[in-house]
Amino acid sequence: QHRHISSGINAEYGGVKVEEIENGPGLVDQVFCANCAVVWAGKALTSSMFNPPRREETDLTLRWFEERGFQTHDSRPYGHFLEGCGDFAYNYDRKHAYLGYGFRSEKRSLETVKENLDFTGTELHPLHLVSDKCYHLDTAMLNLSQGHALVFTPAFDKESLDLIKEVNGEGNIIEISEEDCVQNFVPNAIPVHSGDKHYIVGMAFSPELRKRLESLGYEIIIVPYQEFLKSGGSIRCSVLDIGI
């Protein structure tokens, strides 16, 4: 399933290049590379992992970005948890970005992100996750390439949910069911914009949600990834966008 998603993205969507990081010995969760760094405008801020078994991944991630010419920063000396793009998202117009906190990342990591990455022209918002069904932001919300946002509303406190609606416009918010959030892991899909095509690459969608998304002009691509769901992750957990 992993080989299929890697080769499929590389071959099927123009302009999308897939690179891989070498797996370190015993690092069984390294496949979920989205959590390893926040990447923005050619800079990479590597993570300080919440769970001890994942903490050795950071040295490998730092070296990988340095070897490819990224300006790199290490969040570990700041002394709080930050789990990369698992808790980071942005609108496609780059006017707004979000940092989720509450389970794996801490709210004070917002200042670390601002200090190390240049968000000129982009407003960075904190979003408080409150449901244990959604341990990362990328399990609760997905920003799509035409300005819509898929949101599992019980995942957020009222202030954060109000902010999401205000920033994106209520008409662009697509509330998803618990089935699509928890079982189908829809917020963990990958939006891909190529030419005049708007794709959503995901593991599963309810018929109702798929019909609505297709009516809005999105092409749904189903990719089997159920084996990784056993470890609590899906497709987007395994992809770190380094071209932001």
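Note that this is a predicted model, so its numbers are computed, not measured.

Student: Give me the sheet that holds strand S2 (residues 43–46): which residues, what numbers.
Tutor: Read across the sheet, three strands follow the order S1-S2-S3 without closing on themselves; strand pairing throughout is mixed. For this open sheet the edge positions go to strand S1 (37–40) and strand S3 (71–74), each flanked by a neighbour on one side alone. The mean angle between the axes of side-by-side strands here comes to 15 degrees, regardless of whether they run parallel or antiparallel. Judged from the four bridges that link them, S1 and S2 form a sheet pairing that is antiparallel. Its bridge partner lying in S2, Val39 is registered against Ala44. Of the strands in this sheet, S1, S2 and S3 are in contact with helix H2 (residues 57–67), which crosses S3 at around 165 degrees.

Student: Describe unusual backbone geometry, naming the residues involved and giving the relevant values.
Tutor: Note on backbone geometry: most residues besides glycine have negative phi, and most peptide bonds are trans. In this structure, Ala41 takes a positive phi of about 55 degrees despite not being glycine. With respect to the helices and strands, Ala41 occurs in the loop between S1 and S2. Phi is positive for Phe185, close to 55 degrees, though the residue is something other than glycine. Position of Phe185 among the secondary structure elements: in the loop between helix H5 (178–183) and strand S10 (190–194).

What counts and what doesn't
Residues numbered from 1 in each chain as written. Predicted model: local features only at pLDDT ≥ 70, side-chain atom pairs only at ≥ 80, totals over all residues. Heavy atoms only, no water. Pairing = 2+ DSSP bridges. Helix = DSSP H or I, 4+ residues; strand = E, 2+ residues; numbered from the N terminus. Axes fitted to C-alpha atoms, helices over the stretch in contact; angles between N-to-C directions. Contact = heavy atoms within 4.5 Å.

Honestly, that's just the spatial picture; any functional story needs more than this.
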